[in-house]
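# Analysis of the macromolecular model
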Amino acid sequence: MKALTPASFRLATVLVVSAVIAILGCGSGSSSPPAPVDVDSDLPLPLAAGIAPTPPMGWNTWNTFSCNISEKLIQQTADAMVATGMQAAGYQYINIDDCWSTKDATGVRADGEALVPDPAKFPNGIGPVADYVHADGLKLGIYADRGTLTCGGFPGSEGHEVQDATTFAGWGVDYVKYDNCPPSPTPSAAEQESEYQAMGAALAASGRAIVYSLCAWNFYEWGVSLGNLWRTTTDIKPTWDSVVANLQTNQAFAAYAGPNGWNDADMLEIGNFTTPDQETPDILTQYQAHFSLWAIMAAPLILGNDLRGSQMSAAVRAILTNPEIIALDQDAFGYQGVQVWTDGGDLSVWAKPLNASGARGVVMLNAGAAPADVTFDLSQIGLRDGSATARDLWAQADLGSFKQTFTRTVPATGVVALRVNGVEPLRPSGTQVYLSDLEWTYASNGLGPIEKDESNGASDPGDGTPLSLRGTGFTKGLGVAGPSVAVFRLAQSCSTFSAQVGVDDATKGGGSVVFQVWADGTKLFDSGVVTGMSAAMPVNVDVTGVRRLKLLVTNGGDGASLDRADWADAQLGNCM
Ligand code: GLA
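Calculation notes
- Residues numbered from 1 in each chain as written.
- Predicted model: local features only at pLDDT ≥ 70, side-chain atom pairs only at ≥ 80, totals over all residues.
- Heavy atoms only, no water.
- Near = heavy atom within 4 Å.
- Polar contact = N/O pair within 3.5 Å; in protein donor to acceptor, adjacent residues only side chain to side chain.
- Nonpolar A, V, L, I, M, F, W, Y, C, P; charged D, E, K, R; others polar.
- Salt bridge = Lys/Arg side-chain N within 4 Å of Asp/Glu carboxyl O.
- Helix = DSSP H or I, 4+ residues; strand = E, 2+ residues; numbered from the N terminus.
- Buried < 20%, exposed > 50% of the residue type's maximum accessible area, 1.4 Å probe, protein only.
- Axes fitted to C-alpha atoms, helices over the stretch in contact; angles between N-to-C directions.
- Parallel < 35°, antiparallel > 145°, perpendicular 65-115°, else oblique.
- Left-handed = near helix turned anticlockwise from the far one by under 90°.
- Contact = heavy atoms within 4.5 Å.
- Pairing = 2+ DSSP bridges.
- Core = buried A, V, L, I, M, F, W, Y, C linked by side-chain atoms within 4.5 Å.
- Disulfide = S-S within 2.5 Å.
- Expected span 1.5 Å × (residues − 1).
- Phe/Tyr/Trp six-rings, centres within 6.5 Å; stacked < 30°, edge-to-face > 60°.
- Lys NZ or Arg CZ within 6 Å of the ring centre and 35° of its normal.

## As for the site of the ligand
Within the structure, the ligand sits among 13 residues, and Asp97, Asp98, Lys177, Asp179 and Asp235 are positioned closest to it. A distance of 2.6 Å separates an oxygen atom of the ligand from a polar atom in the side chain of aspartate 235. In the shell around the ligand, the residues fall into 6 nonpolar, 1 polar and 6 charged.

Below, the structure written as structure tokens:
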């Protein structure tokens, strides 16, 4: 039997006392047990400051129109965004992708040569287009490229970063998507990084607040401190398989997502699988799933369909404006949902904490071709054992309460999307509380689950070795594999957090990571790069008043190989 912590002892005492009162008939007549008292009065947190506190929402030309773009298309789309109610639903960026400029006769821009909008497509230039979009209450995005040529063969910004950022700011551009062509010869990682950084610095110095969208087709850790969103995937296609593939790729980087910096699983293909007249119920189910999965992942919602007139069906419009799915995406807590269960095949459950006490977003996915039952347990979504209520976000209907597990038949290539309200894990309690004796409310890990009191071995649970840093063993702690994040609910109960951090001896000197400790969006500790040769580093931070403690381990900028990292002896002090 588990020892009672002081807090659970208090709760047990309340329950026993009320049971005795009920048996003795001294109560008020109601036989229902008292509700748990352990409510977070400290949630919700306020929206973060910054240019992209929640994932950007908007539209982009590329998925439907490729290079067939024009001033008229942008104006009509901006007007449609307003008229269809999509602006009111939260979409605000109208983004021009590749092919908006003229090609350079010589193929390479001369020093100081400006980008020139194609006069056939944009006869009045881009500035008046920005004015038009702004007059609709929307914002304008544009596309550029870190190399000499864009992917469509138009001039790139290499060596012209300051000039182009200044031009964009002068036109009134609010968002820049920065592409990664030409793909060959393949630029070195260092070259890509410095070219993306050059545009980032130029935008920051441009005098205008501009969202910076990195489109390097891959996750790079340097992008995290640079962009407001960064593509983690290759180009999406208008197929179910492509949606699932981008989901799988994007999930690996959940640890890095948060306010003002989002993993971009690529633009939406909702509305693009077929023409509107060919939209079967099965395709609409897939669209609902695509939207739900991007929302649970807190992915940017950049539409890729034709919004104008009959080109967008009423059914697609209803999907794209569902306020409860949009709220799931835009939740101000900013966590990227993670897979908390899978059958190893087509069935899985994804979850994230939402910015209210006991609230979780949950998406049950059936990626296969036949309907199937999917079940999750409250412990898998970071809630306390007992009962909870669920709301179906597509039906926009309350489903009532359930005990401990929730089962639903999920349609083929479809989802059930829920908001679950239960009870947060107990507050830590005691003068010394090891994190490995608590349940986290959210975790994502580079290889299998985070391990308690042992190192992270491979992908199976419990397959590590005793925690060991430069020959010193530790009986308590967390063993993780970068990139990794674990979030614990402190609920303003504790005063200190301490640990010894380092790369576990199991790597025999290999691996490199960075350890960071975050408190409600503020960074309290950063180890800098720590390798398998570095001495264990002590962490001692004040966590007074902290609601959520986030332990982050990055890949150290060099990929995740051998990044077995230990939060050895990780403990909270003076928890009330
Ligand atoms: C790349 C990007 C796409 C799109 C095209 C334009 O493929 O990944 O999103 O911008 O270039 O050429």
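## A few points about the pattern of salt bridges
Tallied over the full model, the rule gives 17 salt bridges. In this structure, aspartate 437 and lysine 476 form a salt bridge, with 2.8 Å as the shortest nitrogen-oxygen distance. One end of the pair, aspartate 437, is in the loop between strand S17 (430-434) and strand S18 (442-444); the other, lysine 476, is in the loop between strand S21 (472-474) and strand S22 (477-481), and 39 residues separate them in sequence. Lysine 523 is the partner of aspartate 526 in a salt bridge, and the nearest nitrogen-oxygen pair spans 2.8 Å. When its relative accessible area of 35% is taken as the criterion, aspartate 526 is described as partly exposed. Classification of lysine 523 as partly exposed rests on a relative accessible area of 39%. Several salt bridges share partner residues, and in doing so they unite Arg231, Asp235 and Asp266 into one network.

## Description of the packing of helix H6 (residues 161-171) against helix H7 (residues 189-204)
Contact geometry for H6 and H7: axes closest at 8 Å, N-to-C directions at 40°. On the basis of the axis angle, H6 is oblique to H7. Judged by the sense of rotation from one axis to the other, the crossing of H6 with H7 is right-handed. Where H6 approaches H7, its residues Glu161, Val162, Asp164, Ala165 and Phe168 are matched on the opposing element by Glu195, Ala198, Met199, Ala202 and Leu203. In the contact of H6 with H7, the residues fall into 7 nonpolar, no polar and 3 charged.

## Considering the sheet that holds strand S14 (residues 397-403)
An order of S9-S10-S11-S16-S13-S14 is seen for the 6 strands of this open sheet, with the pairing classed as antiparallel. Lying at the two open borders of the sheet, with one neighbouring strand each, are strand S9 (338-342) and S14. The average undirected angle you get between the axes of adjacent strands in this sheet is 30°. Where S9 meets strand S10 (residues 347-353), 4 bridges bridge the pair, whose relative direction is antiparallel. Opposite glutamine 339, over in S10, you have tryptophan 350 as the bridge partner.

## Describing the nonpolar core
Formed by 85 residues in total, the largest nonpolar core has its most connected members in Tyr91, Trp100, Phe168, Phe291 and Trp294. If sequence neighbours within four positions are ignored, tyrosine 91 has contacts with Met57, Gly58, Met81, Met86, Leu138, Phe291, Leu301, Leu303, Leu320 and Ile326. Listed in part, the 32 residues of the second largest apolar core include Ile450, Leu478, Val501 and Phe515.

## Comments concerning the environment of proline 300
Mapped onto the elements of the fold, proline 300 is located in the loop between helix H9 (281-296) and strand S8 (301-303). Residue classification places proline 300 among the buried residues on the basis of a relative accessible area of 1%. Among residues more than four places away in sequence, those in contact with proline 300 are Pro55, Pro56, Leu229, Trp262, Asn263, Asp264 and Trp294.

## Some details on unusual backbone geometry
A cis amide bond links cysteine 181 to the next residue, proline 182, at an omega of -10°. Along the polypeptide, proline 182 turns up in the loop between strand S4 (175-179) and H7. Here the residue pair glycine 482 and proline 483 is connected by a cis peptide bond, since its omega of -10° sits within 30 degrees of zero. Note on placement: proline 483 falls in the loop between S22 and strand S23 (484-489). Phi is positive for asparagine 260, which is not a glycine, with a value near 75°. Residue position: asparagine 260 is located in the loop between helix H8 (240-251) and strand S7 (262-264). Judged by relative accessible area, which is 21%, asparagine 260 ranks as partly exposed. For asparagine 574, which is not glycine, the phi torsion reads 55° and is therefore positive. With respect to the element layout, asparagine 574 can be found in strand S29 (residues 564-575).

## Some points on the state of the cysteines
Joining two cysteines, a disulfide is a covalent bond between their sulfur atoms. According to the stated counting rule, one finds 3 disulfides in the structure shown. A sulfur-sulfur separation of 2.0 Å characterises the disulfide bridge that pairs cysteine 151 with cysteine 181. Since a negative S-S torsion denotes a left-handed disulfide, the cysteine 151-cysteine 181 link at about 100° is right-handed. Note that cysteine 151 is positioned in the loop between strand S3 (139-145) and H6 and cysteine 181 in the loop between S4 and H7, a separation of 30 residues in sequence. Looking at cysteine 181, the relative accessible area reads 5%, which means it is buried. Paired through a disulfide, cysteine 494 and cysteine 575 show a sulfur-sulfur distance of 2.1 Å.

## Section: H8
Residues spaced three or four apart along an α-helix point in a common direction, a consequence of the helix completing one turn every 3.6 residues. The end-to-end C-alpha separation of H8 is 17 Å, in line with the 16 Å expected for 12 residues at 1.5 Å each. Every buried residue of H8 is accounted for by Trp240, Ser242, Val243, Val244, Asn246, Leu247 and Asn250.

## What about the packing of aromatic side chains?
What the rule picks out here adds up to 20 aromatic pairs. Between phenylalanine 333 and tyrosine 335 the ring centres are 5.0 Å apart and the planes differ by 75°, which places this aromatic pair in the edge-to-face class. Under the relative-accessibility criterion, phenylalanine 333 is labelled buried at 9%. When its relative accessible area of 10% is taken as the criterion, tyrosine 335 is described as buried. An aromatic cluster is defined as three or more aromatic residues linked by ring pairs; in this entry it consists of Tyr178, Tyr196, Tyr212, Tyr220 and Trp222. When the ring centre of tryptophan 440 is taken as origin, the NZ or CZ atom of lysine 452, which lies over that ring, is 5.3 Å away. Stacked on the ring of tryptophan 518, the Lys or Arg lysine 550 has its end atom at 5.6 Å from the ring centre.

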